[in-house]
Amino acid sequence: MFSGMTNHSIDAKGRIVLPAKFREQLGETYYLARGFGNKCIQVMSSEQFNAMCEKILALPANLSMAVQYTFNATAVEVTPNAQGRVIIPQSLREFAEIEGDAVVIGMTNRLEIWSKKNYEDYVASQNENLALALKELKL
């Protein structure tokens, strides 16, 4: 399970180094793809990606196609180099508006990479939803 948050920089070649503890959980190769509903990049192990694809294919055809056009079509399999760096494709960096500073967030079964500004703005906008969630959880 992924948890925690770390700050990173994207270098001029569009590369990022994920924390070693995350790389160990992701395996030798893993997937990067557009986030669902947010301007971020999802990072999934091959196992998690394949499970997600199976769920997508089980949807009614019109819904499955909509997800495939925005998720599967943007997904890339990556293998870190010897220094642990992976290249984030320009199209994903542009979608997530990531230039320079990035935040990597553990989201239980996957990671998300956000621009620092977009993440801070998103979290600030979620106070009402957070209060409702805490009430549901009886916390």
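Residues numbered from 1 in each chain as written. Predicted model: local features only at pLDDT ≥ 70, side-chain atom pairs only at ≥ 80, totals over all residues. Heavy atoms only, no water.

1. A word on the overall build of the chain
Logical step 1: Scanning the chain from terminus to terminus reveals six helices and eight strands.
Logical step 2: The helix and strand sequence of the chain, counted from the amino end, reads β-β-α-β-β-α-α-β-β-α-β-β-α-α.
Logical step 3: The C-alpha radius of gyration of the chain comes to 16 Å, within 12% of the 14 Å expected for a compact globule of 139 residues.
Logical step 4: Scored against the burial criterion, the 139 residues of the chain give a buried share of 37%.
Logical step 5: Restricting the contact set of the chain to residue pairs at least 6 apart, pairs at least 24 apart contribute 60%.
Logical step 6: When the accessible surface of the chain is summed, it comes to about 8400 Å², and 54% of that surface belongs to carbon and sulfur atoms.
Logical step 7: Charge centroids of the chain, computed over 14 positive and 15 negative side chains, lie 2 Å from each other. (Helix = DSSP H or I, 4+ residues; strand = E, 2+ residues; numbered from the N terminus. Rg over C-alpha atoms; globule rule 2.2 N^0.38 Å. Buried < 20%, exposed > 50% of the residue type's maximum accessible area, 1.4 Å probe, protein only. Contact = heavy atoms within 4.5 Å. Areas by Shrake-Rupley, 256 points an atom, 1.4 Å probe, with all protein chains shown as cover. Lys, Arg positive; Asp, Glu negative; His and termini not counted. Charge placed at Lys NZ, Arg CZ, Asp CG, Glu CD.)

2. Description of the sheet that holds strand E3 (residues 30–34)
Logical step 1: On the basis of which strands lie adjacent, the open sheet formed by six strands has the order E1-E7-E8-E4-E3-E5 and antiparallel pairing. Strands at the two margins of the open sheet, each flanked by one partner only, are strand E1 (5–9) and strand E5 (76–78). The mean angle between the axes of side-by-side strands here comes to 25°, regardless of whether they run parallel or antiparallel.
Logical step 2: Pairing between E3 and E5: three bridges, direction antiparallel. (Pairing = 2+ DSSP bridges. Axes fitted to C-alpha atoms, helices over the stretch in contact; angles between N-to-C directions.)

3. Observations concerning the layout of surface pockets
Logical step 1: Approximately 250 Å³ is the volume found for the largest pocket.
Logical step 2: The wall of the largest pocket is formed by Asn38, Ile105, Met107, Glu112, Trp114, Tyr119, Tyr122, Val123, Gln126, Asn127, Asn129 and Leu130.
Logical step 3: Sorting the residues of the lining of the largest pocket by element identifies strand E8 (111–115), helix H5 (116–124) and helix H6 (127–136) as the ones contributing at least two each. (1 Å grid on protein atoms, 1.4 Å probe; cavity = no way out; pocket = protein on both sides within 12 Å on 5 of 7 lines; lining within 4 Å. Points joined across faces, edges and corners; volume = space filled by probe spheres on them.)

4. What about the packing of aromatic side chains?
Logical step 1: Inspection of every chain in the model, using the stated rule, returns six aromatic pairs.
Logical step 2: For the pair Phe36 and Phe71, a centre-to-centre distance of 5.0 Å together with 35° between the ring planes defines the contact as tilted. Linking Phe36 in the loop between E3 and strand E4 (41–45) with Phe71 in the loop between helix H3 (61–70) and E5, this pair joins segments that are 35 residues apart in sequence.
Logical step 3: Judged by its relative accessible area of 40%, Phe36 is partly exposed. (Phe/Tyr/Trp six-rings, centres within 6.5 Å; stacked < 30°, edge-to-face > 60°.)

5. What about the nonpolar core?
Logical step 1: The biggest cluster of nonpolar side chains holds 20 residues, and the ones touching the most others in it are Leu18 and Ile113.
Logical step 2: Residue contacts for Ile113: discarding those within four places in its chain leaves Ile16, Leu18, Cys40, Ile41, Val43, Ile88, Ile98, Ala102, Val103 and Val104.
Logical step 3: Counting nine residues, the second largest nonpolar core, distinct from the first, contains Tyr31, Met44, Met52 and Ile56. (Core = buried A, V, L, I, M, F, W, Y, C linked by side-chain atoms within 4.5 Å.)

6. Describing the UniProt feature "domain: SpoVT-AbrB" (unreviewed entry) in the chain
Logical step 1: Here the UniProt feature "domain: SpoVT-AbrB" (unreviewed entry) sits at residues 5–48 and 75–118.
Logical step 2: In residues 5–48, the share of helix is 23% and the share of strand is 41%. The end C-alpha atoms are 20 Å apart. (UniProt positions renumbered as here; feature names shortened; annotations may be inferred.)

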